[in-house]
Amino acid sequence: MNDLTDGRAVSFADIAKQEGKVERHVRLLAPLAFVSPRIIAAIVEGGLPNGLTVTSLARGLPYSWTDQERRLGLV
């Protein structure tokens, strides 16, 4: 996301090319840039459900940190 905001890339396709990935992969992972810091800390500490995956985080979380935390039972 920093590459987009800082002008080093103009699209997800540019990022994908730079990283040697397909654009779909970059688009899937982009929402992870907006995951709540509390959720990141809980992941590191092992405090989230065992079935939680990167894909479910990327696809299923709202952008509001409070809503994210509520959905995962942290609030």
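The coordinates are above.
Scoring rules and cut-offs
Residues numbered from 1 in each chain as written. Predicted model: local features only at pLDDT ≥ 70, side-chain atom pairs only at ≥ 80, totals over all residues. Heavy atoms only, no water. Core = buried A, V, L, I, M, F, W, Y, C linked by side-chain atoms within 4.5 Å. Buried < 20%, exposed > 50% of the residue type's maximum accessible area, 1.4 Å probe, protein only. Contact = heavy atoms within 4.5 Å. 1 Å grid on protein atoms, 1.4 Å probe; cavity = no way out; pocket = protein on both sides within 12 Å on 5 of 7 lines; lining within 4 Å. Points joined across faces, edges and corners; volume = space filled by probe spheres on them. Helix = DSSP H or I, 4+ residues; strand = E, 2+ residues; numbered from the N terminus. Nonpolar A, V, L, I, M, F, W, Y, C, P; charged D, E, K, R; others polar. Polar contact = N/O pair within 3.5 Å; in protein donor to acceptor, adjacent residues only side chain to side chain.

Chemist: Quick rundown of the nonpolar core? Include the residues and the values.
Modeler: Of all hydrophobic cores here, the largest spans 7 residues; its members are Val-35, Ile-39, Ala-42, Leu-48, Leu-57, Leu-61 and Leu-72. In contact with Leu-48, other than residues within four places in its own chain, are Ile-39, Ala-42, Ile-43, Leu-72 and Leu-74. The next biggest cluster of nonpolar side chains, apart from the first, holds 6 residues, and it includes Ala-9, Ile-15, Ala-16 and Ala-30.

Chemist: Explain the layout of surface pockets to me, using residue names and the numbers behind them.
Modeler: Approximately 190 Å³ is the volume attributed to the largest pocket. Around the largest pocket sit Met-1, Asp-3, Phe-12, Ile-15, Glu-19, Lys-21, His-25, Val-26, Leu-29, Ala-30 and Ala-33, which together line it. Elements with a contribution of two residues or more to the lining of the largest pocket: helix H2 (12-19) and helix H3 (23-29). Among the residues forming the lining of the largest pocket, the class breakdown is 7 nonpolar, 1 polar and 3 charged.

Chemist: So what's going on with helix H4 (residues 37-45)? Which residues, and what values?
Modeler: Between the side-chain oxygen at the start of H4 and the backbone nitrogen of Arg-38 there is a gap of 3.0 Å, and the oxygen is on Ser-36. Following H4 by one or two positions, Gly-46 has its phi on the positive side, about 75°.

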